[in-house]
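Each chain, letter by letter, is given below.
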Amino acid sequence: MMRVSRSGLAGAAVVAVMAMAGMAVAVGNARAAVPAADDPPVTRIEIEVGARGFVPSEIELVAGEKVDLVFTRTTPSGCAAQVHIPELGVERTDLTQGEPKTVSLTPEKPGTYQLMCGHNMLKAKVKVVAPGS
Ligand SMILES: [Cu+2]
């Protein structure tokens, strides 16, 4: 199974686009086996929730593709105690400072959504694009 572990939007987006385009040849050369159809690669995006808010403040996801958002709270501020993305069905999730928390989701509909702290003060943009775009 292939796990993509990259921080930063650019890396994640590139991997996601490559996966969607079916570039199995380019990717496949780097590993022994092609993943089974029921075990697709999962894009992982790391997001810091700290004194400056969400970093990065904008992420891009691909509709229909599962993604792991890994949140790391780096401030004791209560503002970073919870995150949620109501429009994508992600309920309020508690964060403990220094303990990465993975939230998995599969956005279905292209659009622009808000990732927010528990009081809807800190915000980041979640852009969902159609596959292949
Ligand atoms: Cu807050």
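Whatever comes next refers back to the structure up there.
Residues numbered from 1 in each chain as written. Predicted model: local features only at pLDDT ≥ 70, side-chain atom pairs only at ≥ 80, totals over all residues.

## Some remarks on the sheet that holds strand S1 (residues 43–50)
If you trace the four strands from one edge of the open sheet to the other, you get S2-S1-S4-S7, paired in mixed fashion. Edge positions in the open sheet fall to strand S2 (53–55) and strand S7 (101–105), since each of these has one partner strand only. Averaged over all neighbouring strand pairs, the angle between strand axes comes to 25°, with direction disregarded. As judged from the three bridges shared by S1 and S2, these two strands associate in the antiparallel manner. Paired with Gly-50 across the strands is Gly-53, a residue of S2. (Pairing = 2+ DSSP bridges. Helix = DSSP H or I, 4+ residues; strand = E, 2+ residues; numbered from the N terminus. Axes fitted to C-alpha atoms, helices over the stretch in contact; angles between N-to-C directions.)

## Things to note about the sheet that holds strand S9 (residues 123–129)
With respect to topology, five strands assemble into an open sheet ordered S3-S9-S8-S5-S6, the strand pairing being mixed. Whereas interior strands pair on both sides, the edge strands pair on one side only; in this sheet they are strand S3 (58–62) and strand S6 (90–94). Neighbour-to-neighbour, the strand axes of this sheet turn through a mean angle of 20°, independent of strand direction. In this structure, strand S5 (residues 82–85) lies alongside strand S8 (residues 111–117), joined through two bridges in antiparallel fashion. Bridge pairing in S8 places His-84 opposite Met-116.

## Looking at unusual backbone geometry
Geometrically, the link from Val-55 to Pro-56 is a cis peptide bond, its omega value of 0° lying close to zero. With respect to the helices and strands, the residue Pro-56 is situated in the loop between S2 and S3.

## Details of the pairing of strand S4 (residues 67–73)
Residues Val-67, Leu-69, Phe-71 and Arg-73 point to one face of S4 and are all buried, whereas Asp-68, Val-70 and Thr-72, pointing to the other face, are not buried. Where S1 meets S4, seven bridges bridge the pair, whose relative direction is parallel. Bridging across to S4, Val-49 finds its partner in Arg-73. (Buried ≥ 20, exposed ≤ 12 C-beta atoms within 10 Å, placed from the backbone.)

## Here we look at the environment of Lys-125
Among the structural elements, Lys-125 can be located in strand S9. Judged by local crowding, Lys-125 falls into the partly exposed class, with 14 C-beta atoms found within 10 Å. Linking Lys-125 and Gln-114, residues 11 residues apart in sequence, is a C-alpha distance of 5.1 Å. Excluding residues within four positions of it along the chain, Lys-125 makes contact with Ser-57, Glu-58 and Thr-112. (Contact = placed C-beta atoms within 7 Å.)

## Overview of the nonpolar core
Across soluble globular proteins, nonpolar side chains have a tendency to be buried as a group. Within the largest apolar cluster, 20 residues are counted, with the highest numbers of intra-cluster contacts made by Ile-47, Val-49, Leu-115 and Val-126. Secondary-structure elements contributing two or more residues to this core are S1, S3, S4, S5, S8 and S9. Those residues within four positions of Val-49 in sequence are excluded, and the remaining contacts are Phe-54, Phe-71, Thr-72, Arg-73, Thr-74, Ala-80, Val-83 and Leu-95. (Core = buried A, V, L, I, M, F, W, Y, C linked by C-beta atoms within 7 Å.)

Function-wise, these values are silent; they only describe arrangement.
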